[in-house]
Amino acid sequence: MGFIFTEVKRVLPVLLAVDLLCVPGAWMCGALDYRVFVGIGYGTLFSLLYFVLLGFVVRGALERPPKQAKRFLQINYAGRYLLLGAILSVAFLSEHVNPWCVCAAFLAPKLTYTLIGFRDFLRVKLGLPERKAGKPEKTDKMD
């Protein structure tokens, strides 16, 4: 479970930055009210839970033979998207939640890994070292 929380720690700063950007964004659109903050909370909570669920699914797939892993991932893929649809439906149908803040929170993991890929691309192009000297990252361990 350690690798899951390592990845959550990697996504969390971007998620919080996206959340903070929702406030001035809503203010500029003239939509800043309590629903923005409810949407930020709702979106952050469910985005993190959804991301952790994805980590458990990946871990479960890695513990299976390839054919079983493929089937396991396909079934869970459909289930996760049904769950995502339910979460977003509640957000869009509720009068007390700003659905755009919820959607923004769900984009944070994708944004995180896009930024990491861009950072690594720049490091290679500029000839910079991969990371600072010190303790190596432990993202490949499944404890």
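Below is a summary of the structure that appears in this document. Please read all numbers here as calculations on a predicted model, not as lab measurements. (Residues numbered from 1 in each chain as written. Predicted model: local features only at pLDDT ≥ 70, side-chain atom pairs only at ≥ 80, totals over all residues. Heavy atoms only, no water.)

### Concerning the layout of surface pockets
Phase 1: Its volume calculated, the largest pocket comes out at about 300 Å³.
Phase 2: Contributing to the lining of the largest pocket are 14 residues, with Phe51, Leu54, Phe106, Pro109 and Lys110 lying nearest its centre.
Phase 3: Of all the secondary-structure elements, those providing two or more residues to the lining of the largest pocket are helix H2 (34-62), helix H3 (66-93) and helix H4 (99-126). (1 Å grid on protein atoms, 1.4 Å probe; cavity = no way out; pocket = protein on both sides within 12 Å on 5 of 7 lines; lining within 4 Å. Points joined across faces, edges and corners; volume = space filled by probe spheres on them. Helix = DSSP H or I, 4+ residues; strand = E, 2+ residues; numbered from the N terminus.)

### Notes on the state of the cysteines
Phase 1: Tallying each qualifying case throughout the model produces zero disulfides.
Phase 2: The closest cysteine sulfur to the non-disulfide-bonded Cys22 is located on Cys101, 3.9 Å from its own sulfur.
Phase 3: With relative accessibility at 11%, the residue Cys22 sits in the buried group.
Phase 4: Among the cysteines around Cys103, which has no disulfide bond, Cys101 carries the closest sulfur, lying 9.2 Å off.
Phase 5: Overall, the relative accessible area of 21% leaves Cys103 in the partly exposed class. (Disulfide = S-S within 2.5 Å. Buried < 20%, exposed > 50% of the residue type's maximum accessible area, 1.4 Å probe, protein only.)

### A closer look at the packing of helix H1 (residues 2-28) against H2
Phase 1: Closest axis-to-axis distance for the H1/H2 pair is 10 Å, and the angle between their directions is 160 degrees. As far as their axial angle goes, H2 and H1 are roughly antiparallel. Note on packing geometry: the crossing formed by H1 with H2 is right-handed. Contacts between H1 and H2 pair Phe3, Ile4, Glu7, Val8, Val11, Leu12, Leu15, Asp19, Cys22, Val23 and Ala26 from the former with Val36, Phe37, Ile40, Thr44, Ser47, Leu48, Phe51, Val52, Gly55, Phe56 and Arg59 from the latter.
Phase 2: Residue composition of the contact of H1 with H2, grouped by class: 16 nonpolar, three polar and three charged. (Axes fitted to C-alpha atoms, helices over the stretch in contact; angles between N-to-C directions. Parallel < 35°, antiparallel > 145°, perpendicular 65-115°, else oblique. Left-handed = near helix turned anticlockwise from the far one by under 90°. Contact = heavy atoms within 4.5 Å. Nonpolar A, V, L, I, M, F, W, Y, C, P; charged D, E, K, R; others polar.)

### Quick word on the side chain of Thr44
Phase 1: Position of Thr44 relative to the elements: it lies in helix H2.
Phase 2: Not counting residues within four places of it along the chain, the set of residues in contact with Thr44 comprises Leu15, Asp19 and Ala105.

### With respect to the pattern of salt bridges
Phase 1: Scanning the model with the defined rule gives four salt bridges in all.
Phase 2: Note that Arg119 is salt-bridged to Asp120, the shortest N-O span being 3.3 Å.
Phase 3: A relative accessible area of 37% places Arg119 in the partly exposed class. (Salt bridge = Lys/Arg side-chain N within 4 Å of Asp/Glu carboxyl O.)

### Quick word on the nonpolar core
Phase 1: Judged by nonpolar contacts, Val14, Leu15, Val18, Cys22, Ala26, Val36, Ile40, Cys101, Ala104, Ala105 and Ala108 together constitute the single largest core of eleven residues.
Phase 2: For this core, the elements supplying multiple residues, two or more each, are H1, H2 and H4.
Phase 3: Among the elements that take part in this core, H1 stands out by supplying five residues, more than any other.
Phase 4: Once residues lying within four places of it in the same chain are set aside, the contact partners of Ala105 are Leu15, Val18, Asp19, Gly43, Thr44 and Ser47.
Phase 5: In this structure, Leu84, Ala91, Val97 and Val102 belong to the second largest nonpolar core, which totals eight residues. (Core = buried A, V, L, I, M, F, W, Y, C linked by side-chain atoms within 4.5 Å.)

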